[in-house]
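Breakdown of the fold
One-letter residues, chain by chain:
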Amino acid sequence: MVILGIETTCDETGVGVVENGKKILSNVVSSSAILHKKYGGIVPEVAAREQLKLIVPVIDEALLSARCKLADVDAIAVAYGPGLIGSLLIGVETAKTLSLSLDKPLIRVNHLVGHVYANWISQKLKVKNQNWVPPKFPLVSLIVSGGHTDLILMADHRKYRWLGGTRDDAAGEVFDKVARVLGLRYPGGPEIEKLAASYQLQKTSLKFPRPMIDEGNFDFSFAGLKTAVVNLVTRDPLRRRSEASQLPETRYSEIAYEFQNAVVDVLVTKTIKAAKKFGVKSIVIGGGVAANAVLRSRLFGAGKKFEVTVLFPEKSLSIDNGVMIAAAAFFEKNIVDPLKLQSNPSLHF
Ligand code: KG4
Ligand code: ZN
């Protein structure tokens, strides 16, 4: 079964063609991130206007690179939420039009579920690696992106239980906001990761809070951590001592290092706590922050210790893309009436 998946929930326009939920025939993603750089975050109106221009060329390119025509596609899948309403509308209305005009089934996909299924796609890419096994149920999934930090328990395909999520800022969002304070570009996650890696001492007397790390629930809160970093950067005694009122270069990298450790500590502790409580067989990670190398190595280490298989998608599939939507659509098969499907910016589980 060949599914064409459309993803336009944030600033990316992603279209993927996938066979049987696993084999990638094509993956085309066009991001408008460069247009948002000067604002330090996504401007929804700008993102949606770009997606309007890009959606048809990106579909064309995805079909071309999959060497297939629309007629060869068995179903159209689309992420219908959560996300930015203007952006969602572009993908959802395009998918409805394709479904109606081609008389092909339309499958709706929750964007967050798409991130979970990026881990099934990785099977194809890593199949030669003998150590790699596909995700096994029950599993816990940590979804960490610019808009979300959620822990989900999955007993099987289509059987979800939301365990908890952030009460304020998402993990990726604080990476982006702290990056701005440190004078780095958007998106902040990769920039902070680079700066933190340049911190040579690899130990620090700085200690940022690890919010909610010891609480018995599976919720997160990152706004206080962000404020702690902002307060330190603006009131650091080292700034007052310097003539240019600038912090020394190494202080920025030390702050990035400790900030990243604080976020990773919280994410790893809560994910492992959930995995142990529910006796899961796998932990799967999804969302843009899953690209973070420190998060990856800490979770792999914890997984080994507690004998749970930890899976991350390929880096290119951690970010928003149409392939993960097509994969989720294959396993979920939530076929809907194209005349009735509505975008849902605040879609939950
Ligand atoms: O999933 P995604 O592409 O879009 C959303 O649905 O939000 O995630 C984007 C987020 C941004 O906040 C970005 O800073 C963060 O993922 N990110 C990272 C890294 N790469 C991207 N955060 C930490 N470390 C990274 N290497
Ligand atoms: Zn996402």
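A quick note: this is a predicted structure, and the numbers were derived from the prediction, not measured.

**A few points about the packing of helix 7 (residues 223-235) against helix 9 (residues 249-277)**
- At a minimum axis separation of 11 Å, helix 7 and helix 9 run at an interaxial angle of 170°. The pairing of helix 7 with helix 9 is recorded here as roughly antiparallel in orientation. Between helix 7 and helix 9 lies a crossing whose hand is right-handed. Contacts between helix 7 and helix 9 involve L225, V229, L232 and V233 on the former and, on the latter, R251, Y252, I255, F259, A262 and V263.
- Of the residues belonging to the contact of helix 7 with helix 9, the class tally is nine nonpolar, no polar and one charged.

**Overview of the site of ligand 1**
- Close contacts around ligand 1 come from 20 residues, with G146, D176, G189, E193 and G288 the closest.
- One of the side-chain N or O atoms of E193 is found 2.7 Å from a nitrogen atom in ligand 1.
- Measuring from an oxygen atom of ligand 1, one finds a side-chain N or O atom of D320 at 3.2 Å.
- Summarising the interface, the protein chains cover 90% of the accessible area of ligand 1, which totals 550 Å² for the free molecule.
- One can see that ligand 1 is located within the largest pocket.
- Among the elements of the structure, helix 4 (111-126), helix 5 (171-181) and helix 6 (188-197) are those that each provide at least two residues to the shell around ligand 1.
- Classifying every residue of the shell around ligand 1 by side-chain character gives six nonpolar, 11 polar and three charged.

**Comments concerning the coordination of the zinc ion (ligand 2)**
- Every protein donor of the zinc ion (ligand 2) is listed here as H111 (NE2), H115 (NE2) and D320 (OD), and their distances to the metal cover 2.1 to 2.2 Å.
- For the zinc ion (ligand 2), the four donor atoms in the first shell make angles of 92 to 154° at the metal, so the coordination geometry reads as irregular.

**Here we look at the packing of aromatic side chains**
- Under the defined criterion, the tally for this structure stands at 10 aromatic pairs.
- Between Y117 and W120 the ring centres are 4.7 Å apart and the planes differ by 35°, which places this aromatic pair in the tilted class. Of this pair, Y117 and W120 both sit in helix 4, three residues apart, roughly one helical turn. W120 matches Y117 in its accessibility class, with the two residues each being buried.
- Through pairs of rings, three or more aromatic residues link up here, namely Y117, W120, F137, F330 and F331.
- One Lys or Arg, K270, reaches over the ring of F220 and ends 6.0 Å from the middle of that ring.
- Here the guanidinium or amino end of K333 rests over the ring plane of F330, the centre of that ring lying 4.1 Å away.

**Overview of the nonpolar core**
- Among the nonpolar cores identified, the biggest contains 52 residues, and F222, I255, F259 and L267 are the most heavily contacted of them.
- Residue assignment for this core shows that the elements contributing at least two residues are strand 6 (139-144), strand 7 (149-156), helix 5, helix 6, helix 7, helix 9, strand 9 (282-286) and helix 10 (293-306).
- Considering each element in turn, this core owes the most residues, 14 residues, to helix 9.
- Judged by nonpolar contacts, the second largest core, of 31 residues, contains A75, L112, Y117 and A327.

**A word on the pairing of strand 6**
- Burial within strand 6 is extensive, with six of its six residues counted as buried.
- Summarising the sheet, strand 6 and strand 7 pair through six bridges and their orientation is antiparallel. Within strand 7, the position partnered with I143 by the bridge is D150.
- Hairpin connection from strand 6 to strand 7: four residues lie between these consecutive antiparallel strands.
- Alignment of strand 6 against strand 9, held across five bridges, turns out to be parallel. Bridged to S141 within strand 9 is V284.

**Here's the deal with the layout of surface pockets**
- Each pocket or cavity is described by its volume, and for the largest pocket that value is around 1,000 Å³.
- If you go around the largest pocket, you meet 36 residues; those closest to its centre are C10, S145, G146, G147 and Y186.
- Elements represented by at least two residues in the lining of the largest pocket include exactly helix 4, helix 5 and helix 6.
- No other element matches the six residues that helix 5 contributes to the lining of the largest pocket.

**Details of the pattern of salt bridges**
- Summed over all chains, the structure comprises 13 salt bridges.
- In this structure, the salt-bridge partner of E93 is K96, at a minimum N-O distance of 3.2 Å. Taken together, the residues E93 and K96, both in helix 3 (residues 85-102) and three residues apart, mark about one turn of the helix.
- A relative accessible area of 36% places E93 in the partly exposed class.
- Taking the relative accessible area as the measure of exposure, K96 reaches 11% and is therefore buried.
- A salt bridge links R185 to E191, with the nearest nitrogen and oxygen atoms 3.3 Å apart.
- Residues joined by salt bridges that share partners form a network here, namely D169, E173, K177 and K226.

Calculation criteria
Residues numbered from 1 in each chain as written. Chains lettered and ligands numbered in written order. Predicted model: local features only at pLDDT ≥ 70, side-chain atom pairs only at ≥ 80, totals over all residues. Heavy atoms only, no water. Axes fitted to C-alpha atoms, helices over the stretch in contact; angles between N-to-C directions. Helix = DSSP H or I, 4+ residues; strand = E, 2+ residues; numbered from the N terminus. Parallel < 35°, antiparallel > 145°, perpendicular 65-115°, else oblique. Left-handed = near helix turned anticlockwise from the far one by under 90°. Contact = heavy atoms within 4.5 Å. Nonpolar A, V, L, I, M, F, W, Y, C, P; charged D, E, K, R; others polar. Near = heavy atom within 4 Å. Polar contact = N/O pair within 3.5 Å; in protein donor to acceptor, adjacent residues only side chain to side chain. Areas by Shrake-Rupley, 256 points an atom, 1.4 Å probe, with all protein chains shown as cover. 1 Å grid on protein atoms, 1.4 Å probe; cavity = no way out; pocket = protein on both sides within 12 Å on 5 of 7 lines; lining within 4 Å. Sits in = over half its atoms within 2 Å of the grid points. Donors = N, O, S within 2.8 Å, 3.2 Å for Na, K, Ca; no water. Tetrahedral: all angles 85-135°; square planar, octahedral: opposite > 155°, others 65-115°. Phe/Tyr/Trp six-rings, centres within 6.5 Å; stacked < 30°, edge-to-face > 60°. Buried < 20%, exposed > 50% of the residue type's maximum accessible area, 1.4 Å probe, protein only. Lys NZ or Arg CZ within 6 Å of the ring centre and 35° of its normal. Core = buried A, V, L, I, M, F, W, Y, C linked by side-chain atoms within 4.5 Å. Pairing = 2+ DSSP bridges. Points joined across faces, edges and corners; volume = space filled by probe spheres on them. Salt bridge = Lys/Arg side-chain N within 4 Å of Asp/Glu carboxyl O.

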